[in-house]
Amino acid sequence: MTSSGSPVIVPRNFRLLEELERGEKGIGDGTVSYGMDDGEDVFMRSWTGTIIGPNNSVHEGRIYTVKLFCDKDYPDRPPSVRFHSRINMNAVNQETGVVDPRHFSMLAQWRREYTMETILTELKREMASPANRKLQQPPEGSTF
């Protein structure tokens, strides 16, 4: 907060540098991670996340790759999110792997304080939800 009581808006690149540092250090129990695709991309747009499937679900032990694209409006607008690894999940388009904001409320109700980490953590939580934890999955290692 500033002395006038209004919140400080962190510039996009500073925010992405913070996220990069956090992603490189590892997150929580190590079942979710992320980093930049191209270290030379000064706009820090293209990222890859990894989710290790939650225990006690059909996803257990599987490794899922997720592509995130942060446009110039990030973090005011959410990144586009697409699974590279094939997955059968309610919020994921089965033809393209795109996470549909209409079925993944975090993207539909995006708030600036959300991060790529919160997206990946929420996707993992969604995998373990009753609606998704028992859905038959494509062969492990298949991609969109």
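None of the values given here were measured: they were computed from a predicted structure. (Residues numbered from 1 in each chain as written. Predicted model: local features only at pLDDT ≥ 70, side-chain atom pairs only at ≥ 80, totals over all residues. Heavy atoms only, no water.)

### With respect to the pairing of strand β2 (residues 46-52)
Moving on, step 1. Alignment of strand β1 (residues 32-36) against β2, held across five bridges, turns out to be antiparallel. Across the sheet, residue Y34 finds its bridge partner in β2, namely G49. (Pairing = 2+ DSSP bridges. Helix = DSSP H or I, 4+ residues; strand = E, 2+ residues; numbered from the N terminus.)

### Overview of the environment of E24
Moving on, step 1. Turning to its location among the elements, E24 is positioned in helix α1 (residues 12-25).
Moving on, step 2. When its relative accessible area of 60% is taken as the criterion, E24 is described as exposed.
Moving on, step 3. Once the C-alpha coordinates of E24 and Y34 are considered, the two residues, 10 residues apart in sequence, prove to be 7.2 Å apart. (Buried < 20%, exposed > 50% of the residue type's maximum accessible area, 1.4 Å probe, protein only.)

### As for the UniProt feature "domain: UBC core" (unreviewed entry) in the chain
Moving on, step 1. When the UniProt feature table is mapped to this numbering, "domain: UBC core" (unreviewed entry) covers residues 11-144.
Moving on, step 2. In residues 11-144, the share of helix is 22% and the share of strand is 17%. The end C-alpha atoms are 33 Å apart. (UniProt positions renumbered as here; feature names shortened; annotations may be inferred.)

### Brief notes about the pairing of strand β3 (residues 63-69)
Moving on, step 1. Only one face of β3 is buried, namely the one carrying Y64, V66 and L68, since none of I63, T65, K67 and F69 on the opposite face is buried.
Moving on, step 2. Sheet topology note: the β2/β3 ladder contains seven bridges and is antiparallel. Paired with S46 across the strands is F69, a residue of β3.
Moving on, step 3. As paired elements, β3 and strand β4 (residues 80-83) share four bridges and run antiparallel to each other. For F69, the partnering residue across the bridge sits in β4 and is S80.

### So, the sheet that holds β4
Moving on, step 1. With antiparallel pairing, the four strands of this open sheet are ordered in space as β1-β2-β3-β4. Edge positions in the sheet fall to β1 and β4, since each has one partner strand and no second. Averaged over all pairs of adjacent strands, the angle between strand axes in this sheet comes to 20 degrees, irrespective of strand direction.
Moving on, step 2. Lying on the sheet, α1 is in contact with β1 and β2; it crosses β1 at an angle near 130 degrees. (Axes fitted to C-alpha atoms, helices over the stretch in contact; angles between N-to-C directions. Contact = heavy atoms within 4.5 Å.)

### A short note on the nonpolar core
Moving on, step 1. Core analysis: the largest hydrophobic core is formed by 30 residues, its most contacted members being W47, F83, V99, I119 and L123.
Moving on, step 2. Secondary structure elements with two or more residues in this core: α1, β1, β2, β3, β4, α2 (105-108) and α3 (116-127).
Moving on, step 3. Here this core gets five residues from one element, more than from any other, and that element is α3. (Core = buried A, V, L, I, M, F, W, Y, C linked by side-chain atoms within 4.5 Å.)

### Concerning the environment of T31
Moving on, step 1. By the secondary structure assignment, T31 is in the loop between α1 and β1.
Moving on, step 2. Exposure remark for T31: the relative accessible area of 17% places this residue in the buried category.
Moving on, step 3. Measuring from C-alpha to C-alpha, the distance between T31 and G53 comes to 7.6 Å, with 22 residues separating the pair along the chain.
Moving on, step 4. With near-sequence residues (within four places) excluded, T31 lies in contact with T50, I51, I52 and K124.

### A few points about α3
Moving on, step 1. A rise of 1.5 Å per residue sets the reference length of α3, with its 12 residues, at 16 Å; its end C-alpha atoms lie 17 Å apart and thus fit the reference within 8%.
Moving on, step 2. In terms of burial, α3 is a largely internal element, nine of the 12 residues being buried.
Moving on, step 3. Along α3, the positions that sit buried rather than exposed are M116, E117, I119, L120, E122, L123, K124, E126 and M127.
Moving on, step 4. Contacts made by the buried residues of α3 are with α1, β1, β2, β3, β4 and α2.
Moving on, step 5. Two or three places before E117, at the start of α3, stands the capping residue T115, its side-chain oxygen 3.3 Å from that residue's backbone nitrogen. (Expected span 1.5 Å × (residues − 1). Polar contact = N/O pair within 3.5 Å; in protein donor to acceptor, adjacent residues only side chain to side chain.)

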